[in-house]
Amino acid sequence: MSTATLVNAEQLLRMPRGRSRYELVEGDLRKLALNGWRHGVVVANLVALLGHHVREHGLGLALGGGCGFLLARDPDTVRAPDIAFIRKDRFAAAPPRDAFWPGPPDLAVEVMSPGDTVNEVHEKALAWLDAGAAQVWVVNPAWRTVTVYRSATDIRTLTEGDELAAEDLLPGFRCRIADLFVSA
């Protein structure tokens with residue numbers, strides 16, 4: 001959905017809540033499609049694994065989907081990854097008062113939905129990195145893979161037999177890729 005006039009972050013925040021979710025890209029309102037059940041399984045599994053580890057080790061905040069990150073102003077860009085992690089030192093004594101987190105998360109996780117194309121999600125991963133995210137994980141439930149982006153040139157795809165780890169960002173965190181796709 002493209003808008004004739006630019007929308008800003010404050011207008012996005014005041015939009016009525018309903019069945020639709022939106023992101024804002026350079027002032028352009030983008031409607032997000034509903035996700036399928038496999039998407040939900042992967043998000044729930046990874047939020048549980050990541051959230052537990054982050055809390056247990058006092059590493060920062062693990063956030064579930066729908067949390068907006070204000071990445072740019074004039075025109076505004078507000079994106080919402082499926083899962084995010086913010087290091088403890090980024091909010092020290094108190095989290096920001098703004099509705100949207102100012103700046104990118106340290107880790108943005110995008111879980112592909114049936115309507116997503118590999119190119120679209122690749123471009124979104126690079127946009128997260130350009131905005132300052134340290135890492136982006138793209139989980140593809142159809143292929144049962146996780147692609148880890150550390151930069152535009154340091155990209156590695158992991159398969160079910162591999163283990164996901166990010167020692168520099170999440171010390172001690174490890175999980176088998178296959179565990180992300182368990183649904184029962």
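As a convention, each chain's residues are numbered from 1 in the sequence order in which they are written. Two thresholds apply to this predicted model, a pLDDT of at least 70 for residue-level local features and 80 or more for giving and counting side-chain atom pairs, whereas whole-chain, interface and lining totals are computed over all residues. The side-chain figures draw on all heavy atoms in the structure; neither hydrogens nor water molecules are used.

Colleague: Tell me about helix α2 (residues 37-57), and name the residues and values.
Modeller: End to end, α2 covers 30 Å across 21 residues, agreeing with the expected 30 Å (1.5 Å per residue, within 8%). Listed in full, the buried residues belonging to α2 are His39, Val41, Val42, Val43, Leu46, Leu50, Gly51, His53 and Val54. Contacts were defined at the residue level, with two residues in contact if any of their heavy atoms lie within 4.5 Å. To qualify as a helix, a DSSP run of H or I must reach at least 4 residues; to qualify as a strand, a run of E must reach at least 2; elements of each kind are numbered from the N terminus. Its buried side turned inward, α2 meets β3 (60-64), β6 (83-87), β8 (107-111) and β9 (135-140). Immediately beyond the C-terminal end of α2, within one or two residues, lies Gly58, with a positive phi of roughly 60°. Every helix has an expected span of 1.5 Å times one less than the residues it contains. Working definition: with a 1.4 Å probe on protein chains only, accessible area under 20% of the residue-type maximum means buried, over 50% means exposed, and in between means partly exposed.

Colleague: With reference to specific residues and values, describe unusual backbone geometry.
Modeller: Following Asp74, the chain continues into Pro75 via a peptide bond in cis, with omega recorded as 0°. Turning to its location among the elements, Pro75 is positioned in the loop between β4 (69-72) and β5 (77-79). The exposure class assigned to Asp74 is exposed, which follows from its relative accessible area of 72%. Even without being glycine, Arg144 reaches a positive phi, approximately 60°. Structurally, the position occupied by Arg144 is in the loop between β9 and β10 (145-149).

Colleague: Quick one: what's the story with the environment of Leu129, residue by residue and with numbers?
Modeller: If you trace the backbone, Leu129 turns up in helix α3 (residues 118-131). The sequence separation of Leu129 and Asp106 amounts to 23 residues, and the corresponding C-alpha distance is 9.3 Å. Leu129 has contacts with Ala134, Gln135, Val136, Tyr149, Arg150, Ser151 and Ala152, leaving out every residue within four places of it along the chain.

Colleague: I'd like to hear about the packing of aromatic side chains, residue by residue, with values.
Modeller: Centre-to-centre distance and the angle between the planes together describe a pair of aromatic rings. The rule is short: rings of Phe, Tyr and Trp, with Trp giving its six-membered ring, pair when the centres are within 6.5 Å, and they are stacked under 30 degrees, edge-to-face over 60, tilted in between. The full count for this structure, using the stated rule, is 2 aromatic pairs. Here Phe69 and Trp128 contribute two aromatic rings whose centre-to-centre distance is 6.1 Å and whose plane-to-plane angle is 85°, an arrangement assigned as edge-to-face. Taken together, the residues Phe69 in strand β4 and Trp128 in helix α3 connect sequence positions 59 residues apart. By the burial criterion, Phe69 is buried, and Trp128 matches it. When the centroid spacing of 6.1 Å and the interplanar angle of 20° are considered together, the rings of Trp137 and Phe173 count as stacked. Note that Trp137 is positioned in strand β9 and Phe173 in the loop between β12 (163-165) and β13 (174-176), a separation of 36 residues in sequence.

Colleague: How would you summarise the pairing of β10 if you had to cite specific residues and measurements?
Modeller: Within β10, 5 of the 5 residues are buried, which leaves the element mostly enclosed by the surrounding structure. Residues Thr145, Thr147 and Tyr149 of β10 are buried on one face, and the alternating residues Val146 and Val148, pointing to the opposite face, are buried as well. The pairing criterion is simple: DSSP has to find at least two bridges between the two strands. Direction of pairing for β9 relative to β10: antiparallel, over a ladder of 5 bridges. When the bridges of β10 are listed, Val138 appears paired with Thr147. Between β9 and β10, which pair antiparallel in sequence order, lie 4 residues; one of them, Arg144, sits at a positive phi of approximately 60°.

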